[in-house]
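# Examining the three-dimensional arrangement
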Amino acid sequence: MIGILDLQGGVVEHLGHFKRLGVPARRVKTLEELDTLTGLVLPGGESTCLGRLLRIFGLDAAIRRRAAAGLHMWGTCAGTILLANEIEGETPHLRLLDITVRRNAFGSQLDSFNTVATVPEVAPKPVPLTFIRAPVITRVGPGVRVLLEVRGATAAVTAPGILATIFHPELTPTLAFHAYFARQCGLTPLLPASGPTDPAWSPEAWTQLAPLPGPAASG
Ligand code: GLN
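Parameters and conventions
Residues numbered from 1 in each chain as written. Predicted model: local features only at pLDDT ≥ 70, side-chain atom pairs only at ≥ 80, totals over all residues. Heavy atoms only, no water. Salt bridge = Lys/Arg side-chain N within 4 Å of Asp/Glu carboxyl O. Helix = DSSP H or I, 4+ residues; strand = E, 2+ residues; numbered from the N terminus. Buried < 20%, exposed > 50% of the residue type's maximum accessible area, 1.4 Å probe, protein only. Arc of directions from axis to C-beta. Contact = heavy atoms within 4.5 Å. Polar contact = N/O pair within 3.5 Å; in protein donor to acceptor, adjacent residues only side chain to side chain. Phe/Tyr/Trp six-rings, centres within 6.5 Å; stacked < 30°, edge-to-face > 60°. Lys NZ or Arg CZ within 6 Å of the ring centre and 35° of its normal. Near = heavy atom within 4 Å. Areas by Shrake-Rupley, 256 points an atom, 1.4 Å probe, with all protein chains shown as cover. Nonpolar A, V, L, I, M, F, W, Y, C, P; charged D, E, K, R; others polar.

## A word on the pattern of salt bridges
- On inspection of all chains with the given rule, the structure shows 8 salt bridges.
- For the salt bridge of Arg103 with Glu46, the shortest nitrogen-to-oxygen distance reads 2.7 Å. In this pair, Arg103 is assigned in the loop between β6 (97-102) and β7 (113-117) and Glu46 in the loop between β3 (39-42) and α2 (47-56), connecting sequence segments 57 residues apart.
- Glu88 serves as the salt-bridge partner of Arg102, at 2.7 Å between the closest nitrogen and oxygen. On the criterion of sequence distance, the pair formed by Arg102 in strand β6 and Glu88 in the loop between β5 (84-87) and β6 is long-range, its members being 14 residues apart.
- Owing to a relative accessible area of 35%, Glu88 belongs among the partly exposed residues under this scheme.

Following this line, the structure appears as structure tokens:
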């Protein structure tokens, strides 16, 4: 079972992508809900807000304990900021990944952008990527492997038990990153990592995915 941290930010889109892959996933709000997971997604959102909520609910210490016991973690955008050992000019949050990040490094919300890139370890074909007021990874420690660079900045990394992406695969049609993380968690996605990727993806394309039945898509 994969959990999506459900305090603030983009939860339902991650649930939808795991559902499309046939990978069991559910929302996580409480300490108890962490117990049965093999993987936890820290979604995009606003990292200051997420960090405060983590501390208020005592989830920060619990997540660190579970990570030390083998829980796999994936941070998307703000989630990557939460994982980082260092945030330029700010106090770090979970300190589970030996990277330094610079928040809002591409500029304001209006400088958010979409692109397409090949990430050979994740998918053989180019995948669409969307960056929403993204941070960049400005330092990568020993033991952290770079998976992708975009516009000269480190955009995706992995380390034992951890995946971090500064973009939002859950907001594009590609399931490749969700399949990659599921495999890291020892789960078997039903679809191959290569599909279904829409090469003609446009900024609006993700909203045209077929709606999912059930509460995951409606919440
Ligand atoms: N700008 C946000 C932050 O610094 C991250 C944005 C996102 O998750 N898309 O927390």
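Having seen the structure, we can now continue with the description.
## Examining α2
- All buried positions along α2 are accounted for by Ser47, Leu50, Gly51 and Leu54. Each buried residue of α2 sits inside an arc of 100 degrees when the element is viewed along its axis, so together they form one side. Relative to its buried face, α2 has exposed residues pointing more than 90 degrees away, namely Arg52 and Ile56.
- If you follow the buried residues of α2, they end up packed against β1 (2-5), α3 (59-68) and α4 (78-83).
- Here α2 starts with a cap whose side-chain oxygen sits 3.1 Å from the backbone nitrogen of Thr48, and that cap is Glu46.
- At the exit of α2 stands Gly58, carrying a positive phi of roughly 70 degrees.

## Section: the packing of aromatic side chains
- The tally for this structure, following the rule as stated, stands at 6 aromatic pairs.
- Taking the centre distance of 5.6 Å and the plane angle of 50 degrees together, the rings of Trp74 and Phe181 count as tilted. Of the two residues, Trp74 sits in strand β4 (residues 72-76) while Phe181 sits in helix α5 (residues 176-184), which places them 107 residues apart along the sequence. For the pair Trp74 and Phe181, a shared accessibility class is recorded, and that class is buried.
- Look at Phe106 and Phe131: their rings are 5.8 Å apart centre to centre, the planes differ by 70 degrees, and that puts the pair in the edge-to-face class. Within this pair, whereas Phe106 is found in the loop between β6 and β7, its partner Phe131 is found in strand β8 (residues 127-131), the two being separated by 25 residues in sequence.
- Residue class for Phe131 comes out buried when judged on its relative accessible area of 1%.
- One aromatic cluster is present, built from ring pairs that chain together Phe106, Phe113, Phe131, Phe167 and Phe177.
- In this structure, Arg151 packs its charged tip against the face of Phe113, placed 3.6 Å from the ring centre.

## Some remarks on the site of the ligand
- As a matter of local geometry, the ligand sits amid Gly44, Gly45, Glu46, Ser47, Cys77, Ala78, Ile81, Arg103, Asn104, Ile132, Arg133 and His168.
- Here Ser47 contributes a backbone N or O atom positioned 2.7 Å from an oxygen atom of the ligand.
- Ala78 places a main-chain nitrogen or oxygen 3.0 Å from an oxygen atom of the ligand.
- For the ligand, whose unbound accessible area comes to 300 Å², protein coverage reaches 93%.
- Residue classes in the shell around the ligand are distributed as 4 nonpolar, 5 polar and 3 charged.

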